[in-house]
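The lines below spell out each chain.
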Amino acid sequence: MHRRDLLRLGAGAAGWSMLAPRGPGDGGVGQDADRMAWWRDARFGMFIHFGLYSTLGGEWKGAPAGSHEWIRNNAKIPHEEYIPLVEGFDPRGFDADAWVAAAKDAGQKYLVVTTKHHEGFSLFDSAVTGYDVMSTPFRRDIMRELADACRRHGIRIGWYYSIMDWYHPDYLPRRDWEQRDATAASFARYVAFMQAQLRELLTNYGDISILWFDGQWERTWNHALGVSLHDYCRAIAPDVVINNRVDGGGDPDSAGGRGPVGDFRTPEQEVPATGLSGLDWESCITMNKNWGWSKFDHDWKSVSELIGLLVETASKGGNLLLNVGPMGDGRFPPQSIDGLRGIGHWMRVNGAAIYGTRATPFADAPVRATLRGTRLNLFIDPWRPGPLLLPGMTAAPHRAYLLADPGAGPLETRATPGGVELRLPERAPGPIWPVVVMEFDEALPG
Ligand code: GLC
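Predicted model, so just to flag it, every value in this text is computed and none were measured.

Enquirer: Looking at this model, I keep getting lost on the overall build of the protein chain. Mind explaining?
Expert: Along the protein chain, the regular secondary structure elements total ten helices and 17 strands. The buried share of the protein chain, taken over its 446 residues, is 58%. When the accessible surface of the protein chain is totalled, it reaches about 17300 Å², and 51% of it is carbon and sulfur.

Quick look at the structure:
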């Protein structure tokens, strides 16, 4: 039988919406398969938002002040009042090993951490600014400790870096509510400053796997500057994976006709409805509502919701970058720790259905699915005992079993004119997103 015949991709396959075929690196960004190979297999990483704002937890002068890492802008905090936060930055509870172990136990393969967010404060020892962690009572290079811990635990490390900078005297534009004089500012000097910091970040901390840019949307940044910063970083670290937010957009012709640069797309707080065909992408999503620590945000996602997001991104061919906003004392919020533990518990049993997998031609109902070679993984939540029809599938697998309990014996399957029917046992093998594996004789088309 021809491979394509195993799954008939015809429209109208009741309930199974079709995904456009996705070949990693087959167009758009993400051309370099070698550089992207580990990233595509990893599927799951941790995002960390930590900075001076974490010490405020969303509160300014005794009242809730908008949110998190945007607090300086939201509460219109004057420059002179924000800078002294440096003197109170002393996260004694910070333990790089605890952060990295939490990521590793959750099954995350990489970590991306804010080295400098929009507030402009550097959490590393930078020779080109005094507004860094070495000027605080804490005086420890947080990025060095994290990079070292990641290496000890076998996890890759990536740097988040904000192009927008509310502190640097040469960054333009100023906030529109600010009085700070900008007559002597030179954006070219700011670009040189960023280059110097990125050189520090790419050369002082061993191998860095990812550069995750952000804050590229203001009028001073454009496609040509994005291309040039991208190429600058790539020249220092040829294998570093760079996100698409390095590019300011605009007219691609302005940089010699090169299209948008960056290896992967970055949908934020959402999983694209049918994935992003032909592109590499990573959804970044928070565990509550905020990126940075907010003491007023109690809207935590349940373990089942978090795993659902991971299943959904993997089934559509993307990665999930799940955020933690450590508290001002440097510890993870207990709710984040609980969520990560729950995911880890599930991943230890079901990780084989996530890592190294690709999108299936099916986007969602009646179940979600991932592909890896000859294996089709079906995620079945809620569990429904009895026959489950998989429309659009024309050949039965040679074997089907519960990933959590392969010894329980094969599950019955049969091809019917309406699709393959799978018979599910009375009891689910686990409470959350149980997985059924179907094995075929040949690799399935992704
Ligand atoms: C937005 C926000 C920023 C956050 C980022 C994460 O760009 O400005 O605060 O770090 O999203 O994707």
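Enquirer: Explain the site of the ligand to me, please; I cannot follow it from the model alone.
Expert: What surrounds the ligand is a group of 14 residues, the closest being His49, Glu69, Trp70, His117 and His118. Between the ligand and His49 there is a distance of 2.5 Å, counted from an oxygen atom to a side-chain nitrogen or oxygen. In the environment of the ligand, an oxygen atom lies 2.4 Å from a nitrogen or oxygen atom belonging to the side chain of Glu69. The protein chains hide 94% of the 310 Å² of surface that the ligand would expose on its own. Here the shell around the ligand is composed, by residue class, of seven nonpolar, three polar and four charged.

Enquirer: Teacher, can you tell me more about the packing of helix α5 (residues 96–106) against helix α10 (residues 334–350) here?
Expert: Two quantities define a packed helix pair, namely the angle between the axes and the distance from one axis to the other. Taken N-terminus to C-terminus, the directions of α5 and α10 make an angle of 40°; their axes are 7 Å apart at the nearest point. Viewed along their axes, α5 and α10 adopt a mutual orientation that is oblique. Where α5 abuts α10, its residues Ala102, Asp105 and Ala106 lie against Leu340, Ile343, Gly344, Met347 and Arg348. Residue classes in the contact of α5 with α10 are distributed as five nonpolar, one polar and two charged.

Enquirer: Any chance you could explain the nonpolar core here in plain terms?
Expert: Note on soluble globular proteins: their nonpolar side chains tend to be buried together. In terms of nonpolar packing, the biggest core is built from 93 residues, with Leu111, Ile142, Leu146, Trp159 and Phe213 touching the most fellow members. Not counting chain neighbours up to four residues away, the residues in contact with Ile142 comprise Phe50, Phe89, Phe94, Leu123 and Val133. Counting residues in hydrophobic clusters, the runner-up holds 20 residues, among them Val367, Leu378, Leu402 and Leu422.

Enquirer: Sorry if this is basic, but what is going on with the packing of aromatic side chains here?
Expert: What the rule picks out here adds up to 25 aromatic pairs. An aromatic cluster of at least three residues, connected via ring pairs, comprises Phe50, Phe89, Phe94, Trp99, Phe121, Tyr131, Phe138, Tyr167 and Phe332. Just above the ring of Trp38 sits the side chain of Arg156; from NZ or CZ to the centre is 4.2 Å.

Enquirer: How should the pattern of salt bridges be read in this particular structure?
Expert: Oppositely charged side chains can pair when the atoms bearing their charge come close. Summed over the entire model, instances satisfying the criterion amount to 23 salt bridges. In this structure, Asp263 and Arg35 form a salt bridge, with 2.5 Å as the shortest nitrogen-oxygen distance. Pair noted here: Asp263 is in the loop between β7 (241–242) and β8 (282–286) and Arg35 is in helix α2 (residues 33–42), with a separation of 228 residues, a long-range link. We note that Asp263, like Arg35, is buried. Among the ionic pairs, Glu268 bridges to Arg245, the shortest N-O distance being 2.9 Å. Note that Glu268 is positioned in the loop between β7 and β8 and Arg245 in the loop between β7 and β8, a separation of 23 residues in sequence. For Arg245, a relative accessible area of 8% gives the class buried. A network of salt bridges, in which partner residues are shared, links Arg35, Arg234 and Asp263.

Enquirer: Explanation requested: the side chain of Asp170 in the structure shown.
Expert: Take Asp170: it is sitting in the loop between β5 (156–162) and α7 (187–203). One polar contact links Asp170 to Arg189, side chain to side chain, over a distance of 2.8 Å. Apart from residues no more than four positions distant in its own chain, Asp170 is found in contact with Ala184, Ala185, Ser186, Phe187, Arg189 and Tyr190.

Enquirer: Can you walk me through the pairing of strand β15 (residues 413–416) in this structure?
Expert: Two faces belong to every sheet, and in a regular strand the side chains alternate between them. With four bridges connecting them, β15 and strand β16 (residues 419–424) associate as antiparallel partners. Counterpart to Thr416 in the pairing with β16 is Gly419. Hairpin connection between β15 and β16: a loop of two residues separates the two successive antiparallel strands.

Enquirer: Sorry if this is basic, but what is going on with the sheet that holds strand β13 (residues 386–390) here?
Expert: Two orientations exist for strands paired in a sheet by backbone hydrogen bonds: parallel and antiparallel. Pairing within the open sheet is antiparallel, and its three strands lie in the order β13-β16-β15. Two strands close off the open sheet at either side, each with one partner strand: β13 and β15. Taking each pair of neighbouring strands and ignoring which way they run, the sheet shows an average axis angle of 25°. As paired strands, β13 and β16 are joined by five bridges and run antiparallel to one another. Among the inter-strand pairings, Leu389 is bridged to a residue of β16, identified as Glu421.

Enquirer: What is the right way to read unusual backbone geometry from this model?
Expert: The general pattern is negative phi for most residues beyond glycine and trans for most peptide bonds. Of note, the bond from Leu172 into Pro173 is cis; its omega dihedral lies within 30 degrees of zero at 0°. Along the chain, the position of Pro173 falls in the loop between β5 and α7. Here the bond from Asp381 into Pro382 is cis, since omega is 0°, no more than 30 degrees from zero. The phi torsion at Arg139 lies on the positive side, around 45°, for a residue other than glycine. Looking at where Arg139 falls in the secondary structure, it is placed in the loop between β4 (110–116) and α6 (142–153).

Enquirer: Would you mind going over the environment of Met347 with me for this structure?
Expert: Tracing the chain through its elements places Met347 in helix α10. Taking the C-alpha atoms as reference, Met347 lies 7.1 Å from Ala106; in sequence the two are 241 residues apart.

Enquirer: It is not clear to me how the sheet that holds strand β14 (residues 399–402) should be interpreted in this structure. Could you clarify?
Expert: If you walk across this open sheet you meet the five strands as β10-β11-β12-β17-β14, and the pairing is antiparallel. Each edge of the open sheet carries a strand with a single partner, namely β10 (358–359) and β14. With five bridges connecting them, strand β11 (residues 368–372) and strand β12 (residues 375–379) associate as antiparallel partners. Bridge pairing in β12 links Leu371 to Leu376.

Enquirer: Would you explain α7 in this entry?
Expert: Here α7 contains 17 residues, and its C-alpha end-to-end distance of 24 Å stays within 8% of the 24 Å for a straight helix at 1.5 Å per residue. Every buried residue of α7 is listed here: Phe187, Tyr190, Val191, Phe193, Met194, Gln197, Leu198, Glu200, Leu201 and Leu202. Contacts made by the buried residues of α7 are with β4, β5, β6 (210–214) and α8 (223–236).

So, how was this worked out
- Residues numbered from 1 in each chain as written.
- Predicted model: local features only at pLDDT ≥ 70, side-chain atom pairs only at ≥ 80, totals over all residues.
- Heavy atoms only, no water.
- Helix = DSSP H or I, 4+ residues; strand = E, 2+ residues; numbered from the N terminus.
- Buried < 20%, exposed > 50% of the residue type's maximum accessible area, 1.4 Å probe, protein only.
- Areas by Shrake-Rupley, 256 points an atom, 1.4 Å probe, with all protein chains shown as cover.
- Near = heavy atom within 4 Å.
- Polar contact = N/O pair within 3.5 Å; in protein donor to acceptor, adjacent residues only side chain to side chain.
- Nonpolar A, V, L, I, M, F, W, Y, C, P; charged D, E, K, R; others polar.
- Axes fitted to C-alpha atoms, helices over the stretch in contact; angles between N-to-C directions.
- Parallel < 35°, antiparallel > 145°, perpendicular 65-115°, else oblique.
- Contact = heavy atoms within 4.5 Å.
- Core = buried A, V, L, I, M, F, W, Y, C linked by side-chain atoms within 4.5 Å.
- Phe/Tyr/Trp six-rings, centres within 6.5 Å; stacked < 30°, edge-to-face > 60°.
- Lys NZ or Arg CZ within 6 Å of the ring centre and 35° of its normal.
- Salt bridge = Lys/Arg side-chain N within 4 Å of Asp/Glu carboxyl O.
- Pairing = 2+ DSSP bridges.
- Expected span 1.5 Å × (residues − 1).

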